[in-house]
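Chains, contacts and geometry: an overview
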Amino acid sequence: MEIPYGTSHVVVRAFPTEAGFHHARTDFQGAWYQMWSLAPYPNDVSQREHNSLYQQHACHAKFAAQLLPGGWNTDESFDLESWLRDIGMEDATSLTKFLDHTCQWD
């Protein structure tokens, strides 16, 4: 996992294993806690930023699908950016909304 720190933004880039992609789809909360057991949670994250990071993670976890002949539709990493707005879990995990924002809303 990489956590680049900017002056006012945080980007979390988690690189799940193949098992991690599958585990996140069935237990995204467990995957969230596992991710943060491997790296410290960023300091000074507001509640809005935390909500957005969590929603992005849930979106990636719910819609991660293996492509043929290999790879994942959410790319090799789950990228979570603190500057993306808090859109709520319903929109973050809606298939209709996913087709539009692919876990990277603005």
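Throughout what follows, the structure given in this document is the object of discussion. Bear in mind the structure is a predicted one, so any value in this text is a computation, not a measurement.

Moving on: the packing of helix 2 (residues 28–38) against helix 3 (residues 47–63). Interaxial distance between helix 2 and helix 3 falls to 10 Å at its minimum, and their mutual angle equals 120°. With respect to helix 3, the element helix 2 is oriented oblique. Crossing geometry of helix 2 relative to helix 3 is assigned as right-handed. Judged by residue contacts, F28, Q29, A31, W32 and M35 of helix 2 engage H50, L53, Y54, H57, A58 and A61 from helix 3. In terms of residue class, the contact of helix 2 with helix 3 is built from 8 nonpolar, 3 polar and no charged.

A few words on the pairing of strand 2 (residues 78–81). Judged by which residues are buried, strand 2 turns out to be covered on both faces: F78 and L80 on one side and D79 and E81 on the other are all buried. With 4 bridges joining them, strand 1 (residues 11–14) and strand 2 adopt antiparallel strand pairing. Considered in strand 2, the bridge of R13 is made with D79.

Let's shift gears to the layout of surface pockets. Approximately 270 Å³ is the volume attributed to the largest pocket. In this structure, the largest pocket is lined by 14 residues; those nearest its centre are A14, F15, P16, Q34 and M35. Listing elements by their share of the lining of the largest pocket, those giving two or more residues are helix 1 (18–26) and helix 2. The element best represented in the lining of the largest pocket is helix 2, accounting for 4 residues.

Rules of the game
- Residues numbered from 1 in each chain as written.
- Predicted model: local features only at pLDDT ≥ 70, side-chain atom pairs only at ≥ 80, totals over all residues.
- Heavy atoms only, no water.
- Axes fitted to C-alpha atoms, helices over the stretch in contact; angles between N-to-C directions.
- Helix = DSSP H or I, 4+ residues; strand = E, 2+ residues; numbered from the N terminus.
- Parallel < 35°, antiparallel > 145°, perpendicular 65-115°, else oblique.
- Left-handed = near helix turned anticlockwise from the far one by under 90°.
- Contact = heavy atoms within 4.5 Å.
- Nonpolar A, V, L, I, M, F, W, Y, C, P; charged D, E, K, R; others polar.
- Buried < 20%, exposed > 50% of the residue type's maximum accessible area, 1.4 Å probe, protein only.
- Pairing = 2+ DSSP bridges.
- 1 Å grid on protein atoms, 1.4 Å probe; cavity = no way out; pocket = protein on both sides within 12 Å on 5 of 7 lines; lining within 4 Å.
- Points joined across faces, edges and corners; volume = space filled by probe spheres on them.

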